[in-house]
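# Coordinates in review
Here are the chains, one letter per residue:
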Amino acid sequence: MIEVKDVTKRFEQTVALQSVSLEMHQGEQYAIRGASGSGKSTLLYLLGGLDTPSSGEITIMGNCLQQMDDQQLAKFRNRMVGFVFQFHFLLPSMNSIDNIYLPAKIAGVKISTIKSDVEQLAERLGVVHCLKKYPYQLSGGEQQRVNLIRALSLKPALLLCDEPTGNLDSQNSSLVTSILIELAGQFGATLVVVTHDDQVASHFSRSFWLQDGAIIR
Ligand code: ADP
Ligand code: MG
């Protein structure tokens, strides 16, 4: 599913990732762990085609990301990847439900085909009351859960999450992590979750540990 070969990423003097190689298998669930600044987010952005390595190669479902042009990458992200970021990116000018439907609109997917799934997800995540509200009217945790629905709405083959429960208390954090794992399992998505939270990580049987930009375990 994912093959990372000898990837290095530099930001001027900083080496954020150092000769990282790894493989991830379709439908499996992985945690990426390590201290703050160890390169976790950088790795996740590279896997999602949001940034490019300084050297090395990333192949996802047979597509080498470095060989795609911007348009192909944008299409890859829209069709194949769901993102959940620590600093969630709901568009402030749209209410929650319009934010959730945005990837479908971009992909040309009929809203009617995902509507009932979206409503069920909102119910399970306890954010039905948020759907007509704008991001500024929601708490950080509510925004995070709305964002999660948006990321899951098109049943992406690859679900990339950066500290997806960073704004939640430990009880909700555990609930959202379980739901994430269950849903990814249901539609066969490969799930990659960056976390420095031991409790979140304990839900995953496979972990990659980063230290100073290198995989140490
Ligand atoms: P983590 O997510 O594990 O906390 P990051 O991947 O965000 O770590 O960062 C790894 C290293 O790369 C850090 O030293 C960070 O300061 C640096 N870094 C990350 N993104 C950038 C950037 N856009 N410009 C410059 N340095 C960056
Ligand atoms: Mg980070």
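Look above for the structure.
Below is a short write-up of the structure. Only a predicted model underlies this, so the values are computations on that prediction, with no experimental measurement involved.

### Considerations on the sheet that holds strand 5 (residues 63–64)
Pairing between the strands of a sheet is mediated by backbone hydrogen bonds and can be parallel or antiparallel. The sheet built from four strands is open, its strands ordered 2-1-4-5 with antiparallel pairing. If you trace the sheet from one side to the other, it starts and ends with strand 2 (14–24) and strand 5, each paired once. Of the pairings in the sheet, the one linking strand 4 (residues 55–60) to strand 5 comprises two bridges and is antiparallel in character. Paired with T59 across the strands is C64, a residue of strand 5.

### What to know about the packing of helix 3 (residues 96–107) against helix 5 (residues 140–152)
Put simply, helix 3 and helix 5 touch, their axes get as near as 7 Å, and they point 30° apart. Taken as axis vectors, helix 3 and helix 5 run roughly parallel relative to one another. Our pair here, helix 3 against helix 5, has a crossing hand that is right-handed. Contacts between helix 3 and helix 5 involve S96, N99, I100 and P103 from the first element and V146, I149 and R150 from the second.

### Observations regarding the sheet that holds strand 9 (residues 206–211)
One open sheet holds the six strands; their spatial order is 6-7-8-3-9-10, and the pairing between them is mixed. Sheet topology places strand 6 (81–84) and strand 10 (214–215) at the edges, where each strand pairs with a single neighbour. Pairing analysis gives four bridges linking strand 3 (residues 29–34) to strand 8 (residues 190–194), with the strands arranged parallel. Opposite Y30, over in strand 8, you have V192 as the bridge partner. Most of the contacts of helix 1 (residues 40–47) go to strand 7 (residues 158–162), to which it runs at about 155°, and overall it touches strand 3, strand 7, strand 8 and strand 9. Contacting strand 6 and strand 7, helix 2 (residues 70–80) crosses the sheet at an angle of about 80° to strand 6.

About the criteria used
- Residues numbered from 1 in each chain as written.
- Chains lettered and ligands numbered in written order.
- Predicted model: local features only at pLDDT ≥ 70, side-chain atom pairs only at ≥ 80, totals over all residues.
- Heavy atoms only, no water.
- Pairing = 2+ DSSP bridges.
- Helix = DSSP H or I, 4+ residues; strand = E, 2+ residues; numbered from the N terminus.
- Axes fitted to C-alpha atoms, helices over the stretch in contact; angles between N-to-C directions.
- Parallel < 35°, antiparallel > 145°, perpendicular 65-115°, else oblique.
- Left-handed = near helix turned anticlockwise from the far one by under 90°.
- Contact = heavy atoms within 4.5 Å.

Geometric values such as these leave the question of function open.
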